[in-house]
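# An overview of the molecular structure
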Amino acid sequence: NADADDLELDLTNAHLPSLEEVDLPAALRALDLTANRLKTLEPRVAALPALTRLCLRQNLLSEPAEVAALAAAPGLRHLELRDNAYTAVPDLAAFTALTYLELSYNQLRSLAPLAALEAPALEELYAAANKITAIEGVSQLTSLRVLELGSNRVREIAGLEPLAGLRELWLG
């Protein structure tokens, strides 16, 4: 008997190659698709108006435009793209409600596209184990408390001055 305000669907490790057979109720607030075999992110996910939390860890996703389409879910606060095959940061400019963004274990070379992101409440950004060489695209994220860039190729710590609230910086 789930409260309609907390409707969640956890499909972790369901070995799904697609979401074709999955019913996605419009009232869905949290969707966890960790450890599946998804190669594409279906438009039906973007059409979930109540979605606040989306976890796509450990899939085979690689198309940034599919993530950008999620902007149709204006209340999305928690987005996990960890351990996929992204080579570029998706256009997240419309994701103004984000508080948590996980981009670790992809093949990202730059965080520069994040410069378009105006998410005043974003507190945690994880981008470990990519191919990032510089700290860029984050200076406008003034609520950032955690910035995880470990196991990258960052050679210089610069551009963090505007991040007065930063409490944790991981570069190891």
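Above this text sits the structure in question.
Here's a quick rundown of the structure.

Definitions and limits used
Residues numbered from 1 in each chain as written. Predicted model: local features only at pLDDT ≥ 70, side-chain atom pairs only at ≥ 80, totals over all residues. Heavy atoms only, no water. Pairing = 2+ DSSP bridges. Helix = DSSP H or I, 4+ residues; strand = E, 2+ residues; numbered from the N terminus. Axes fitted to C-alpha atoms, helices over the stretch in contact; angles between N-to-C directions. Buried < 20%, exposed > 50% of the residue type's maximum accessible area, 1.4 Å probe, protein only. Polar contact = N/O pair within 3.5 Å; in protein donor to acceptor, adjacent residues only side chain to side chain. Contact = heavy atoms within 4.5 Å. Salt bridge = Lys/Arg side-chain N within 4 Å of Asp/Glu carboxyl O. Patch = residues over 30% accessible without salt bridge, like charges linked within 9 Å, V, L, I, M, F, W, Y side chains within 5 Å. Areas by Shrake-Rupley, 256 points an atom, 1.4 Å probe, with all protein chains shown as cover. Phe/Tyr/Trp six-rings, centres within 6.5 Å; stacked < 30°, edge-to-face > 60°.

The strand order across the open sheet built from 8 strands is 1-2-3-4-5-6-7-8, with neighbouring strands paired in parallel fashion. Strands at the two margins of the open sheet, each flanked by one partner only, are strand 1 (8-10) and strand 8 (168-170). The mean inter-strand angle of the sheet, taken between neighbouring strand axes irrespective of direction, is 5°. Here strand 1 pairs with strand 2 (residues 30-32) via 3 bridges, running parallel. The residue of strand 2 that forms the bridge with Leu9 is Leu31.

Take the side chain of Asn130 next. Here Asn130 lies in the loop between strand 6 (124-126) and strand 7 (146-148). Accessibility expressed as a relative area gives 8% for Asn130, which makes it buried. A polar contact is formed between the side chain of Asn130 and the backbone nitrogen of Asn106, at a distance of 3.0 Å. Once residues within four sequence positions are removed from consideration, Asn130 is found in contact with Leu103, Ser104, Tyr105, Asn106, Gln107, Leu108, Ser151 and Asn152.

Here the focus is the pattern of salt bridges. Within the structure shown, the criterion is met by 6 salt bridges. Taking the shortest distance from any N to any O, the salt bridge between Glu80 and Arg53 comes out at 3.4 Å. Placement of the pair is Glu80 in strand 4 (residues 78-80) and Arg53 in strand 3 (residues 53-55), with a sequence separation of 27 residues. For Arg53, a relative accessible area of 31% corresponds to the partly exposed category. In this structure, Glu102 engages Arg82 in a salt bridge whose closest nitrogen and oxygen atoms are separated by 3.3 Å. With Glu102 in strand 5 (residues 100-102) and Arg82 in the loop between strand 4 and strand 5, the pair connects residues that are 20 residues apart, well separated along the chain. Several salt bridges converge on common partners, so that one network encompasses Arg53, Arg57 and Glu80.

Let us now look at unusual backbone geometry. Positive phi, close to 60°, is recorded for Asp83, a residue that is not glycine. Its location among the elements puts Asp83 in the loop between strand 4 and strand 5. Taking relative accessible area as the criterion, Asp83 reaches 31% and is therefore assigned partly exposed. Here the phi dihedral of Ser151 falls at roughly 55°; this positive angle occurs in a residue that is not glycine. Inspection of the secondary structure puts Ser151 in the loop between strand 7 and strand 8.

Time to look at a nonpolar patch on the surface. On the surface, a cluster of nonpolar side chains totalling about 230 Å² of accessible area is made up of Ile157, Leu169 and Leu171. With respect to the helices and strands, the residue Leu171 is situated in the segment after strand 8.

Here we take up the packing of aromatic side chains. All told, the structure shown has 1 aromatic pair when counted by the stated rule. Consider the rings of Tyr100 and Tyr126, whose centres lie 5.4 Å apart with planes at 40°: the pair is tilted. Taken together, the residues Tyr100 in strand 5 and Tyr126 in strand 6 connect sequence positions 26 residues apart. Both residues of the pair, Tyr100 and Tyr126, count as buried.

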